[in-house]
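Residues per chain are reported as follows:
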Amino acid sequence: SDIDEAIELRRAVLPLCPPGHSDRSTSLENLATSLRARFQQRGIMKDIDEAIELHRTSLLLRPSSHSDRSMSLTNLATSLQDRFQQRGFLSDLHEAIEHHQAALELCPPGHSDRSEALNNLANSIRARFQTQGVVSDLDEAIELHRAALELRPPGHSARSASLDNLANNLRDKFHQQGVPSLLDEAIELHRAALELRPTGHSHRPSSLIDLAVSLEVRFKQRGVPSDLDEFIEHHRAALELPALLLCPPGHSLRPSYLNNLAVSLDIRFKRQGVPSDLDEAIEFHRAALELRPTGNSDRYTSLNNLSNSLRARFEQRGIPSDLDEVIELLRVALELCPTSHSHRPSSLITLAVSLEVRFKQRGVPSDLDECIEHHRAALELRPNGNSERSASLDSLTSSLLARFEQRGWGILSDLDEVIELHRSAVLLYPTGHADRPASLATLATSLQDRFQQCGILSDLDEVIELHRAALELHPTGHSLRTSSLNNLAVSLALRFKQRSVPSDIDEAIALHRAALQLCPSEDTDRSTALKNLATSLRARFQQWSIMSDIDEAIVLHQAALELCPLGHSDRSAFLTNLASSLQDRFQQRGVLSDLHEAIELHHAALELCPPGH
């Protein structure tokens, strides 16, 4: 009622200061200021619209030489920024920045209002960074906040605001660049601001939450338990304060407090796993989103926050409607990120991942098709030199392979594209890079898939050369040498089946022997190494009937079977391998004991494969 009365009184004063009156600009400013105050309390848009028009009229009455022009510029800019935060119209933000720049020019070094002008301009430029993602805006905002802080020494009434503002900008820059010192400085600045805002201070809740958010980010980066402990403590303290009572329905800050409450509950759910925390977080996120309609600069954040909480609940409870809603929210969020937006690649990938999860749940082909298109779009936004390009290549190839396998190995173009993507990935890992051997092996696997589908021998030749290159990068003593030996051996054995070149099977056997030597008796991979060598020896026996090969193969298969006791998932296959080799030897030598043993082994294998197996 006080602010309503103040507005009515100031409306009554205005006609007493008609155009040409020396106090007219002051009356206009006073009425506009009261309307803005009511807007901040109740969120009534017509109040801020009227305040802006009054400030514009007042500014026209205060030319460049007027002593109060700087104040009028600031008032108009601040009101425009308030409206931007509600409606998200970029034209309001751009105009606000122009007016703040003009106000700063009227406050040279030494001017009493310079720190406030620096702070105001920095805040508006940061808002533009958060909307458009231009990194140079963030750098400029940080420099302006540093300059403002220097003008607000200990004891200055606005020092806590400058400390928090600079800290928030530094945290933004940490997210862009990942430099640890930026986050450390942000946390120390937040601590200093909190000390200046004791219990009862109107801005203490926001200081607690700002500090908690920065501590959470550092905990995720470094895993220091004390950061997590302090983070939880500050969030609990913030939750205990009557924050929402300070922001009733209609208040411009209510969406932020709802969002902060929801985020706190999300984190406590992750920490303690209490389902009701997650349910409540989802409701708060929904409420915040409703207050951030289309055009609001924070709508993207609320869409993502709500989708994250719903996805967490889907992962916990498997409710299909939660995953459906996640996908719809992410589609809307993607529409808010044009091609040039810094968040577009991550938005594309998040949506693609959710679509792939739904495809795995329900098998709807259109989900996988859309997933692939989003991964392609993300890859285009991560050109050569981008640190995330390799991850995008991996994601796209994984989805393409899933579609290739799901549709009966019938879409060869998918496999062709996978191969080309793997070739691109290899180029990202020059000789000496730790991931080059794995990249070579992955390309080899895709080429081997195409050979098995199309029978192109040049693909198989390339597979072998790639596995050779990978093996050279896994010298004696390397933990992955065994797998490289096996990969090369298997591809050589496959080529032997195609061309019957003796040197291929001889080399395959030698490589399998080397791999077996690297698998001691207690190694979990020893049974596989025994089987691989036995299989290659049997293949050579079937070509040239060298009896020592089949004899050794049988001994190896017996040793492998001993390592697969009853209950082992591979026991049936190992029984069959030994039985087949004994049957081969019977056909050569005619010893009935071999045939009898083969029959017994086949019986045992059959018992492990009941109807429906």
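Each remark here, short or long, concerns the structure printed above.
Now for a quick tour of the structure. (Residues numbered from 1 in each chain as written. Predicted model: local features only at pLDDT ≥ 70, side-chain atom pairs only at ≥ 80, totals over all residues. Heavy atoms only, no water.)

Right, let's talk about the pattern of salt bridges for a bit. Within the structure shown, the criterion is met by 55 salt bridges. One salt-bridge network, held together by shared partners, links Asp-4, Arg-38, Arg-42 and Asp-47. (Salt bridge = Lys/Arg side-chain N within 4 Å of Asp/Glu carboxyl O.)

What follows is about the packing of aromatic side chains. Evaluation of the coordinates by the stated rule reveals one aromatic pair. For the pair Phe-496 and Trp-544, a centre-to-centre distance of 5.6 Å together with 50° between the ring planes defines the contact as tilted. You can see Phe-496 sitting in helix H23 (residues 481–499) and its partner Trp-544 sitting in helix H25 (residues 526–544), a full 48 residues away along the chain. (Phe/Tyr/Trp six-rings, centres within 6.5 Å; stacked < 30°, edge-to-face > 60°. Helix = DSSP H or I, 4+ residues; strand = E, 2+ residues; numbered from the N terminus.)

Another point: the environment of Leu-595. Note on placement: Leu-595 falls in helix H28 (residues 592–607). Leu-595 sits 12 residues away from Gln-583 along the chain, and the two C-alpha atoms are 5.7 Å apart.

Two elements in contact, helix H6 (residues 114–132) and helix H7 (residues 135–150), have axes whose closest approach is 8 Å; the angle formed by their N-to-C orientations is 160°. Our classification of the angle between H6 and H7 gives roughly antiparallel. In this structure, H6 meets H7 at a crossing whose hand is left-handed. Packed against H6, whose contacting residues are Ser-115, Leu-118, Asn-119, Leu-121, Ala-122, Asn-123, Ile-125, Arg-126, Arg-128 and Phe-129, the element H7 presents Val-135, Asp-137, Leu-138, Glu-140, Ala-141, Leu-144, His-145, Ala-147 and Ala-148 at the interface. (Axes fitted to C-alpha atoms, helices over the stretch in contact; angles between N-to-C directions. Parallel < 35°, antiparallel > 145°, perpendicular 65-115°, else oblique. Left-handed = near helix turned anticlockwise from the far one by under 90°. Contact = heavy atoms within 4.5 Å.)

Residues Ile-505, Leu-511, Leu-556 and Leu-601 are the most contacted members of the largest nonpolar core, which totals 37 residues. Counting residues per element, the ones that place at least two in this core are helix H22 (457–472), H23, helix H24 (502–517), H25, helix H26 (547–562), helix H27 (571–589) and H28. When residues in this core are grouped by element, the largest group, seven residues, is from H25. Once residues within four sequence positions are removed from consideration, Leu-556 is found in contact with Leu-516, Leu-530, Leu-533, Ala-534 and Leu-537. The next biggest cluster of nonpolar side chains, apart from the first, holds 25 residues, and it includes Val-326, Leu-330, Leu-334 and Ile-349. (Core = buried A, V, L, I, M, F, W, Y, C linked by side-chain atoms within 4.5 Å. Buried < 20%, exposed > 50% of the residue type's maximum accessible area, 1.4 Å probe, protein only.)

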